[in-house]
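Structural description and commentary
Here is how the chains run, residue by residue.
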Amino acid sequence: METAERFRDAVEKRDLSVLDDLFTDDIRLYSPVKFKPFEGKPMVLGLFGVLLRTFEDLRYVGHFEGAAETSGDGQEAPSAILPFRATVNGKQVHGIDLLQFDEDGRIKEFMVMVRPQSAVHVLGQAVLAGLVADGLVPDPAGA
């Protein structure tokens, strides 16, 4: 899928402007550190800004294509899985990005799975700090 390759290239080059063209306006991103998805292009692009600062040495190590049921509407959609490796605050992270596409080939759902559990915890803390710093979410400490 052309979109998956463009996504991979944009992330590896840390180019948010390309991601803006690849996401639907109502994109939903399911994170390993938050139960409810991040929703809408502005929030997801903001999250990617944080993620691209948080992940060190991010590299994709594979590409699988197929189809899977989406969480949002339960319909089967063309999909791509991109396994990745990265470092977050000194912790090795292995994960996958599941991209699901609309009829125009843009990404409408995005799910991130990360292991090990200790890396999920470190990632969650780093991402929350970045979201608060960028003004995308309120500080849970109330500061």
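Nothing here was measured: the structure is a model prediction, and the numbers come from that model.

Things to note about the overall build of the protein
Within the protein, the secondary structure is distributed over 4 helices and 7 strands. The globule rule puts the C-alpha radius of gyration for 143 residues at 15 Å, and the 14 Å found for the protein is close to it. Across its three principal directions, the C-alpha atoms of the protein cover 45 × 30 × 25 Å. Taking all 143 residues of the protein together, the buried fraction comes to 45%. A total of about 7500 Å² of accessible surface is found on the protein, and carbon and sulfur atoms cover 51% of it. Between the mean site of the 15 positive side-chain charges and the mean site of the 23 negative ones, the protein shows a separation of 7 Å.

What about the nonpolar core?
In terms of nonpolar packing, the biggest core is built from 39 residues, with Phe7, Leu19, Phe23, Phe48, Phe55 and Ile107 touching the most fellow members. Other than its neighbours up to four places away in sequence, Phe7 contacts Leu19, Leu22, Phe23, Phe48, Tyr60, Leu82, Asp97, Leu99, Ile107 and Phe110.

Some thoughts on the packing of aromatic side chains
Summed over the entire model, instances satisfying the criterion amount to 7 aromatic pairs. Above the ring of Phe38, the side-chain terminus of Lys34 is found at 4.6 Å from the ring centroid.

Overview of the pairing of strand β7 (residues 107–115)
Strand direction decides the pairing type here: strand β1 (residues 23–30) and β7, joined by 4 bridges, are parallel. Residue pairing across strands places Phe23 opposite Ile107, the latter belonging to β7. As paired elements, strand β6 (residues 91–101) and β7 share 8 bridges and run antiparallel to each other. Counterpart to Asp97 in the pairing with β7 is Val112.

Structural notes on the environment of Val112
Mapped onto the secondary structure, Val112 falls in strand β7. Take Val112: its relative accessible area is 11%, and that puts it in the buried class. Ignoring sequence-local partners within four residues, the contact set of Val112 consists of Tyr30, Ser31, Pro32, Phe84, Ile96 and Asp97.

Focus: the confidence of the model for the protein
Residue-level pLDDT values for the protein average 91, and 99% of them are 70 or greater. Within the protein, β1 carries the highest mean pLDDT (96), whereas helix α4 (residues 117–133) carries the lowest (85).

A closer look at the side chain of Thr3
For Thr3, the location among the structural elements is in helix α1 (residues 2–13). In this structure Thr3 comes out as buried when scored by relative accessible area, which is 13%. Engagement of the side chain of Thr3 in a polar contact is seen with the backbone oxygen of Gly105, the distance being 2.4 Å. Aside from chain neighbours lying at most four places away, what touches Thr3 is Leu22, Phe101, Gly105 and Ile107.

Some words on the packing of helix α3 (residues 41–54) against α4
Contact geometry of α3 with α4 gives a least axis separation of 9 Å together with a crossing angle of 125°. Classified by the angle their axes make, α3 and α4 are oblique. The two elements α3 and α4 meet at a crossing, and its hand is right-handed. In this structure, α3 contributes Leu47, Val50, Leu51, Arg53 and Thr54 to the contact, and α4 contributes Leu123, Ala126, Val127, Gly130 and Leu131. Partitioning the contact of α3 with α4 into residue classes produces 7 nonpolar, 2 polar and 1 charged.

Calculation rules
- Residues numbered from 1 in each chain as written.
- Predicted model: local features only at pLDDT ≥ 70, side-chain atom pairs only at ≥ 80, totals over all residues.
- Heavy atoms only, no water.
- Helix = DSSP H or I, 4+ residues; strand = E, 2+ residues; numbered from the N terminus.
- Rg over C-alpha atoms; globule rule 2.2 N^0.38 Å.
- Buried < 20%, exposed > 50% of the residue type's maximum accessible area, 1.4 Å probe, protein only.
- Areas by Shrake-Rupley, 256 points an atom, 1.4 Å probe, with all protein chains shown as cover.
- Lys, Arg positive; Asp, Glu negative; His and termini not counted.
- Charge placed at Lys NZ, Arg CZ, Asp CG, Glu CD.
- Core = buried A, V, L, I, M, F, W, Y, C linked by side-chain atoms within 4.5 Å.
- Contact = heavy atoms within 4.5 Å.
- Phe/Tyr/Trp six-rings, centres within 6.5 Å; stacked < 30°, edge-to-face > 60°.
- Lys NZ or Arg CZ within 6 Å of the ring centre and 35° of its normal.
- Pairing = 2+ DSSP bridges.
- pLDDT = per-residue confidence, 0-100.
- Polar contact = N/O pair within 3.5 Å; in protein donor to acceptor, adjacent residues only side chain to side chain.
- Axes fitted to C-alpha atoms, helices over the stretch in contact; angles between N-to-C directions.
- Parallel < 35°, antiparallel > 145°, perpendicular 65-115°, else oblique.
- Left-handed = near helix turned anticlockwise from the far one by under 90°.
- Nonpolar A, V, L, I, M, F, W, Y, C, P; charged D, E, K, R; others polar.

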